[in-house]
Each structure stands twice: as structure tokens, then as C-alpha cells.
Amino acid sequence: MTFHIVSLPGDGIGPEIMAGTLEVLASLSQKFHFDYEVSEHLMGGRAIDETGSPLPETTLAACQQADAVLLAAIGGPQWQYPTNRPEHGLLQLRKSLELFANIRPTRVSEHTVNLSPLKAEIVAATDLVIVRELTSGIYFGTPSHWDENGAVDTLNYAKNEIERIVHEAFKLAQQRRKKLTSVDKENVLSSSKLWRQTVDRIATQYPDVTVEHLLVDACSMHLLKRPTDFDVIVTENLFGDILSDEASMLPGSLGLSPSASFSESGPALYEPIHGSAPDIAGQNKANPFGMLLSLAMCLRMSVHRDDMATWLENAVDHLIAHKITTPDLGGQSTTNEIFEVLQSHIKEA
Ligand code: IPM
Ligand code: MG
């Protein structure tokens, strides 16, 4: 059966990292006999320019019918309209596909340990996953409005929205090192009081998993002080956004981190956690590893082809080990050179 992928290259560096990644997928699929097809759709700023909407109806419909969606990056300084921004399209896509579970892994390998801004002895062998609630919380609460005199945002969590993400996190912890850190602001926020109570109640169903609660401010400190102690971190939408950027710097570059977002059923979305980097767009300087590793997550989690996913992850590790990287990871390669080296590895191996 043909696997249907929707590609959303988006803005800034998005199109260049997506194009090379899809070429890598084409070669890999020949090598591994994987039958798929890709259709590309408009999203983000370019979609606003061409259709007036950051998530045109045809794009949303294609995503709903896909087996998986790959997104590169959206946004840029030319699209700062208050009520119609590229980011609104991304939030609408997450909400429409009910992608409540966002999985953001961070790993520090022997090859990235010296790229970290932290001391090697602190970050070495860090291997953690942030499970971020993605379709509720302050990102989606109403009322939400502002004028020059004041502003309102609303932080809402329904009990079942907390329960379903917490179950996902416990299940993931069971497959890993069986430790779950739940992050909240229970000393201040009502939603966090419900969050913590829900985690404790659900914990009884997963007796093999050790649970730790941390306030978000303390967690942001512990991530720098003892990152190797973390296994799975579960948290609400805004805290997860902030902590995942912080965690992504442990191996030295935001450009390395992939992510996957899931609903109860239906297509998953795979995207690097970095943005569209408009300052380096079109200059052949963008780090493609976050995009390639997002494809690897797609191959493992939606296509169920561990062989292809592992091949790609090992290939990225190998390039980093041999300093075939963009300057943000200490190398001198261009985006295209990285793709070319990968292509030659696929053909020779
Ligand atoms: C992310 C991004 C998005 C978010 C933005 C682009 C809306 O920062 O995926 O982490 O805040 O969720
Ligand atoms: Mg973010």
C-alpha cells in the first residue's frame, strides 16, 4: 500500500531543508523498497501571500487525508499581521488534526558532547524526551485579546485533556528508563493544581514508573544542572514550548532537534523544533539535521520502518562525528553538501 506524505515546506529555510530531505527519502526508499508518494502544499507566510490564509482549506484537507505530514518551518518578519500570521496556521493545523501529544527528544551523543555550551561532564549521555501538551492551555484559551490599555489570555485545561497527555507520557516512560518528571506551577496556577492531582491519580496505574514533580522554574534550572537525570518530562503547552528550546541547546544547536505530534488516531505531524531562520534563508547555510531526524521519527513512528529510521539516524550521527556539519555545529559544510554526502552514502552502502 502506498504511504501518502504531505510536505509543507513553508517559509525561510523551510523549502531548502525540505527539498534535500525529500531527495534523501527518494533514494532511501529505493534502497529499502518503500512505496510512498508526496504531495506538496502551501502553508505559512507564502500561503498568506498567495491565498490570504496561512492554512488554506486545500492544505488542511490534504493533511487530513494523509498518512503523515512533514513540516519544515513557517514565519518571517514580513508577516507580522496581528490577526493573520503564519503561526496561526500552525496552531490551527495542530488543533484541526487534534495533535495533542508533542514528542521532543534530546540526546547528547559522544559526538555532540563538546558542542554543548555546558561542560561535557554535565551533559554527557543526556537522553530525555519532553512530552508537551499541544492543543490546549494558554495557546488556545478564550477570551484572548489586547489593546493599548490591557490584554487578556486565558489558561484552560479540561480534565480529559490532562489525562490523555499524561497517559502518553507514562506509556513512553515504561518503554524507556521508567522515570517521569511532571512539570507545573502548582504553587500559583489552578490549572497546575489539577495537573498535579491528575498525574498522581494516574500514576497508580503505572507502578513501575517513578514520578517526580517539579515546578517549571526549578525544572529550567535542573535541566542545566543535572540533565542526565531526566528521562520523560510531561508538561503543559507553554511550559513545554519553553523547556524544549532550553533542552535543545544541550547538544549544542537548536538545529538538531526533531519533533513528532500525535492525535488519538489520524495522521501525525513531524517537524524540526527550530524556526524559519529568515536571516540565513536561501544562503545554503541551514542545518538540515532537525528536518532529517524528523523524517526519521516519521519513518519509525508512522511508517513503522525501524530499518530506514535507524539508517538515517546513524547517518546523521556519522556526519556529525566527521564534522560534516553546518557552522552552528562547528563544521564548514553547506546545506547542499550535507545532502550530497548523504546521497553518496545511500548509494554506496
Ligand atoms: C514551536 C514553536 C511554535 C509554538 C510557534 C511557531 C507557534 O515555537 O513549535 O515550539 O510556540 O508552539
Ligand atoms: Mg517553540
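All values reported here derive from a predicted model rather than from experimental measurement.

About the criteria used
The residue numbers shown here count from 1 along each chain, following its written sequence. Working convention: letters from A go to chains and numbers from 1 go to ligands, in the order in which they are written. Local features in this predicted model are restricted to residues of pLDDT 70 or higher, and side-chain atom pairs are both shown and tallied only at a pLDDT of 80 or more, whereas totals for entire chains, interfaces and linings draw on every residue. Note that water and hydrogens are dropped before the side-chain values are worked out from all heavy atoms of the structure. Working definition of a nonpolar core: buried Ala, Val, Leu, Ile, Met, Phe, Trp, Tyr and Cys residues. They are joined through side-chain atoms within 4.5 Å. We call a residue buried when its accessible area falls under 20% of the maximum for its residue type, exposed when it is over 50%, and partly exposed in between, using a 1.4 Å probe and counting protein chains only. Strands are runs of DSSP state E lasting at least two residues, helices are runs of H or I lasting at least four, and both sets are numbered from the N terminus onward. What fixes the domain bounds is an automatic or database domain assignment. We call two residues contacting when some pair of their heavy atoms lies within 4.5 Å. A simple way to read buried area is as the amount of 1.4 Å-probe accessible surface that goes missing from two parts once joined, with both sides added. Any carboxyl oxygen of Asp or Glu within 4 Å of a side-chain nitrogen of Lys or Arg constitutes a salt bridge here. Any pair of nitrogen or oxygen atoms within 3.5 Å is treated as a polar contact; in protein, a donor-acceptor pairing is required on top of that, and neighbouring residues in sequence qualify only through side-chain atoms on both sides. Three classes are used: nonpolar for Ala, Val, Leu, Ile, Met, Phe, Trp, Tyr, Cys and Pro, charged for Asp, Glu, Lys and Arg, and polar for all others, with Gly counted as polar. We call a residue near a molecule or strand whenever a single non-hydrogen atom of that residue lies within 4 Å of it. Values of accessible area rely on a 1.4 Å probe in the Shrake-Rupley scheme; residue burial ignores everything except the protein chains shown. Whether two aromatic rings pair depends on their centres lying within 6.5 Å, for rings of Phe, Tyr and Trp, where Trp uses its six-membered ring; planes under 30 degrees apart make the pair stacked, over 60 edge-to-face, and the rest tilted. Orientation is described by lines fitted to C-alpha atoms, with helices fitted over the stretch in contact, and by angles between N-to-C directions that extend from 0 to 180 degrees. To sort the angles, those under 35 degrees are grouped as roughly parallel, those over 145 as roughly antiparallel, those from 65 to 115 as roughly perpendicular, and the leftovers as oblique. In this scheme the crossing of two helices becomes right-handed for a clockwise turn of the near helix relative to the far one and left-handed for an anticlockwise turn of less than a right angle.

Quick look at the nonpolar core
Part 1 of the argument: In terms of nonpolar packing, the biggest core is built from 65 residues, with Leu25, Leu70, Val131, Phe170, Phe289 and Leu299 touching the most fellow members.
Part 2 of the argument: At 9 residues, the largest contribution of residues to this core is made by helix α10 (residues 289-301).
Part 3 of the argument: There are two domains that each give this core at least three residues, and those are domain 1 (1-99 + 263-349) and domain 2 (101-257).
Part 4 of the argument: Setting aside chain neighbours within four positions, we find leucine 70 in contact with Ile5, Val6, Ser7, Leu8, Met18, Leu22, Tyr270, Met291, Leu295 and Cys298.

Some words on the domain arrangement of the protein chain
Part 1 of the argument: Assigned domains of the protein chain: these are domain 1 (1-99 + 263-349) and domain 2 (101-257).
Part 2 of the argument: Tallying the contact residues gives 19 residues for domain 1 and 24 residues for domain 2.
Part 3 of the argument: In total, domain 1 and domain 2 occlude about 2,000 Å² of area from one another, counting both sides; carbon and sulfur atoms represent 63% of this.
Part 4 of the argument: On the domain 1 side of the contact with domain 2, Arg94, Ile273 and Leu329 bury the most area, a combined 30% of that side's loss.
Part 5 of the argument: Where domain 1 touches domain 2, the interface holds 2 salt bridges.
Part 6 of the argument: Linking arginine 164 and glutamate 264 is a salt bridge whose minimum nitrogen-to-oxygen distance equals 4.0 Å.
Part 7 of the argument: At the junction of domain 1 and domain 2, the tally comes to 5 residue pairs in polar contact (both at pLDDT 80 or more).
Part 8 of the argument: Secondary-structure elements contributing two or more residues to the side of domain 1 that touches domain 2 are α4 (86-96), α10 and α11 (306-321).
Part 9 of the argument: Element by element, the count of residues in the side of domain 1 that touches domain 2 is highest for α10, at 4 residues.
Part 10 of the argument: Considering only residue class, the side of domain 1 that touches domain 2 consists of 10 nonpolar, 3 polar and 6 charged.

Side note on the site of ligand 1
Part 1 of the argument: All residues in the neighbourhood of ligand 1 are listed as Glu87, Arg94, Arg104, Arg132, Tyr139 and Asp241.
Part 2 of the argument: Here an oxygen atom of ligand 1 sits 2.8 Å away from a polar atom, N or O, in the side chain of arginine 104.
Part 3 of the argument: Between ligand 1 and arginine 132, the relevant distance is 2.8 Å, taken from an oxygen atom to a side-chain nitrogen or oxygen of the residue.
Part 4 of the argument: Coverage of ligand 1 by the protein amounts to 77% of the 320 Å² it exposes when considered alone.
Part 5 of the argument: Tallied by class, residues from the shell around ligand 1 come to 1 nonpolar, no polar and 5 charged.

Describing the packing of aromatic side chains
Part 1 of the argument: Under the defined criterion, the tally for this structure stands at 5 aromatic pairs.
Part 2 of the argument: Ring geometry for phenylalanine 34 against tyrosine 36: centres 5.3 Å apart, planes inclined by 10°, an arrangement best described as stacked. An identical accessibility class is assigned to phenylalanine 34 and tyrosine 36; each is buried.
Part 3 of the argument: Among the aromatic residues, those joined into a cluster by ring pairs are Phe3, Phe34 and Tyr36.

Remarks on the packing of helix α6 (residues 159-175) against helix α7 (residues 190-203)
The angle between the axes and the distance between the axes are what describe a pair of packed helices.
Part 1 of the argument: Closest axis-to-axis distance for the α6/α7 pair is 10 Å, and the angle between their directions is 45°. Here α6 is positioned oblique relative to α7, judged by the angle of their axes. For the element pair α6 and α7, the recorded crossing hand is right-handed. Between α6 and α7, the residues in contact are Lys159, Ile162, Glu163, Ile165, Val166, His167 and Phe170 and Ser191, Leu194, Trp195, Thr198, Val199, Arg201, Ile202 and Ala203, respectively.
Part 2 of the argument: Looking at the contact of α6 with α7, its residues break down into 9 nonpolar, 3 polar and 3 charged.

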